Amino acid sequence: IESRPEDVHSIQLECFIVDGKLYVQSHRWALADWWPTESWAAIWLAHPDVRVRIDERIYELRAVRVDDPAVRTPILSARGYNPVPEGIVLFRFEPRG
């Protein structure tokens, strides 16, 4: 996943699909003030347009933060969190509008 084209930041992450939608999650301290580096989650909040490579194809997408507990909790519960800890940032990838 590549973001912030003016100062490119690229990382490899495990994405997952729930109900036909593509998601990714951070670790629980991604936005903590004490975290020693700028997290990709913080970068995406400021620069949500990303390029995602799946296999050999590149997709121009937008990383949209999922804050609604009615959506967030079941997704993260299905990922094995019980209870779902605070701090995890969940993003859904959507086509750029």
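Residues numbered from 1 in each chain as written. Predicted model: local features only at pLDDT ≥ 70, side-chain atom pairs only at ≥ 80, totals over all residues. Heavy atoms only, no water.

> How should the pairing of strand β7 (residues 90-95) be read in this particular structure?
Side-chain direction in a regular strand flips from residue to residue, so the side chains alternate between the two faces of the sheet. The sheet contact formed by strand β4 (residues 21-25) and β7 spans three bridges and is antiparallel. Each residue of the ladder has a partner; that of Q25, found in β7, is L90. In this sheet, β7 lies alongside strand β6 (residues 57-65) in antiparallel orientation, the contact comprising five bridges. Counted as the bridge partner of R65 is F91 from β7. (Pairing = 2+ DSSP bridges. Helix = DSSP H or I, 4+ residues; strand = E, 2+ residues; numbered from the N terminus.)

> I tried to follow the side chain of S3 on my own but got confused; where do I start?
Following the sequence through the fold, S3 ends up in strand β1 (residues 2-3). Look at S3 and you get buried, because its relative accessible area is 2%. Within polar-contact distance, the side chain of S3 engages the side chain of W44 at 3.5 Å. Those residues in contact with S3 that lie beyond four places of it in its chain are V8, H9, I43, W44, H47, D49 and V50. (Buried < 20%, exposed > 50% of the residue type's maximum accessible area, 1.4 Å probe, protein only. Polar contact = N/O pair within 3.5 Å; in protein donor to acceptor, adjacent residues only side chain to side chain. Contact = heavy atoms within 4.5 Å.)

> When you look at the nonpolar core in this model, what are you seeing that I'm missing?
The biggest cluster of nonpolar side chains holds 15 residues, and the ones touching the most others in it are W44, V50, F91 and F93. In terms of residue count, helix α1 (residues 40-46) provides more of this core than any other element does, four residues in total. Setting aside chain neighbours within four positions, we find V50 in contact with I1, E2, S3, W44, Y59, E60, L61, A63, F93 and R96. Counting residues in each nonpolar core, the second largest holds eight residues, with F16, L76, V84 and L90 among its members. (Core = buried A, V, L, I, M, F, W, Y, C linked by side-chain atoms within 4.5 Å.)

> Quick question: what am I supposed to make of the pattern of salt bridges here?
Note that side chains of opposite charge can pair when their charged atoms are close. Evaluated as defined, the whole model comprises ten salt bridges. Residues E14 and R79 are paired through a salt bridge, measuring 3.8 Å at the closest nitrogen-oxygen approach. Of this pair, E14 sits in the loop between β2 (9-10) and β3 (16-18) while R79 sits in the loop between α2 (69-78) and β7, placing them 65 residues apart in sequence. For R79, a relative accessible area of 33% corresponds to the partly exposed category. (Salt bridge = Lys/Arg side-chain N within 4 Å of Asp/Glu carboxyl O.)

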